[in-house]
Amino acid sequence: RSLAILAVVIHHWLLFNPYSSSVRIFTNIADLIQTLAGTVVHLFFILSGCGLTVSYFKKGAVSWREWAKRRFRKIVAPYLIIVTATFVLANFMNFIFPNAVKTSFSPFSLLTYLTYTRNFYSPGWGLNPTLWFMPVIIGLYILFPFLVRTLKKRGPLLLLAISVLITYGSLAA
């Protein structure tokens, strides 16, 4: 999982920091690394889900309420703080240095981040584009108890079938 995290960081670094070289081979290599590292994002989601599942089965019976509270403290609360701070800082910088920071964001942009609907509102994408995955994580957290129960009661084959349906259904939506 740590290698997947490293690949995700490298992917985003190359994605958001312009790179080019007069030596074309370096640019081609950077493009290839960015593409391959971006593919690992999917692997990171799978490995994270496996980690949650292994942890769940090691601990035995878990209160879903306690599990959700822990996820909130560990993932959601810091996200809400970061999004709000980014919104305030971006608009403050636009107000103080309008020639240097040309973009400001509406309160609706902040609302879409706070409600995990940012992926449906393109004017807000620039606020913090690296947080695109949070609606995905929240959706997976919501599905996790259902998927674990399916695995325990119906077995891995039905879990796989349901996971495929959920995956392709979410892509279609």
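The structure presented is a predicted model; accordingly, all values stated were derived computationally and were not measured.

With that out of the way, let us pick up the overall build of the protein chain. The number of helices and strands found in the protein chain is six helices and zero strands. Starting at the N terminus, the α and β elements of the protein chain follow one another as α-α-α-α-α-α. Each principal axis of the C-alpha distribution contributes one length, and for the protein chain these read about 60 × 45 × 30 Å. Sorting the 173 residues of the protein chain into buried and exposed places 29% on the buried side. Of the contacts made within the protein chain by residues no fewer than 6 positions apart, 48% connect residues no fewer than 24 positions apart. As displayed, the protein chain offers around 11800 Å² of accessible surface, 72% of which is attributable to carbon and sulfur atoms.

The next thing to look at is the packing of aromatic side chains. For the structure on display, the rule yields eleven aromatic pairs. Ring centres 5.7 Å apart and planes at 85° place the aromatic pair Trp67 and Tyr141 in the edge-to-face group. Pair noted here: Trp67 is in helix H3 (residues 64-96) and Tyr141 is in helix H5 (residues 134-154), with a separation of 74 residues, a long-range link. We note that Trp67, like Tyr141, is buried. Ring centres of Tyr79 and Tyr116 lie 5.2 Å apart, and the angle between their planes is 20°; this geometry places the pair in the stacked category. Residue Tyr79 is located in helix H3, and its partner Tyr116 is located in the loop between helix H4 (107-114) and H5; the two are separated by 37 residues in the primary sequence. Overall, the relative accessible area of 3% leaves Tyr79 in the buried class.

Before going further, it helps to examine a nonpolar patch on the surface. Among the surface-exposed residues, Leu3, Leu6, Ile10, Val23, Ile25, Phe26, Ile29 and Ile33 lie close enough to one another that they form a single nonpolar patch of about 740 Å² accessible area. For the nonpolar patch, the secondary-structure elements that each account for two or more residues are helix H1 (2-16) and helix H2 (24-59). Per element, the largest residue contribution to the nonpolar patch is four residues, and it comes from H2. Here Phe26 is to be found in helix H2.

Calculation notes
Residues numbered from 1 in each chain as written. Predicted model: local features only at pLDDT ≥ 70, side-chain atom pairs only at ≥ 80, totals over all residues. Heavy atoms only, no water. Helix = DSSP H or I, 4+ residues; strand = E, 2+ residues; numbered from the N terminus. Buried < 20%, exposed > 50% of the residue type's maximum accessible area, 1.4 Å probe, protein only. Contact = heavy atoms within 4.5 Å. Areas by Shrake-Rupley, 256 points an atom, 1.4 Å probe, with all protein chains shown as cover. Phe/Tyr/Trp six-rings, centres within 6.5 Å; stacked < 30°, edge-to-face > 60°. Patch = residues over 30% accessible without salt bridge, like charges linked within 9 Å, V, L, I, M, F, W, Y side chains within 5 Å. Salt bridge = Lys/Arg side-chain N within 4 Å of Asp/Glu carboxyl O.

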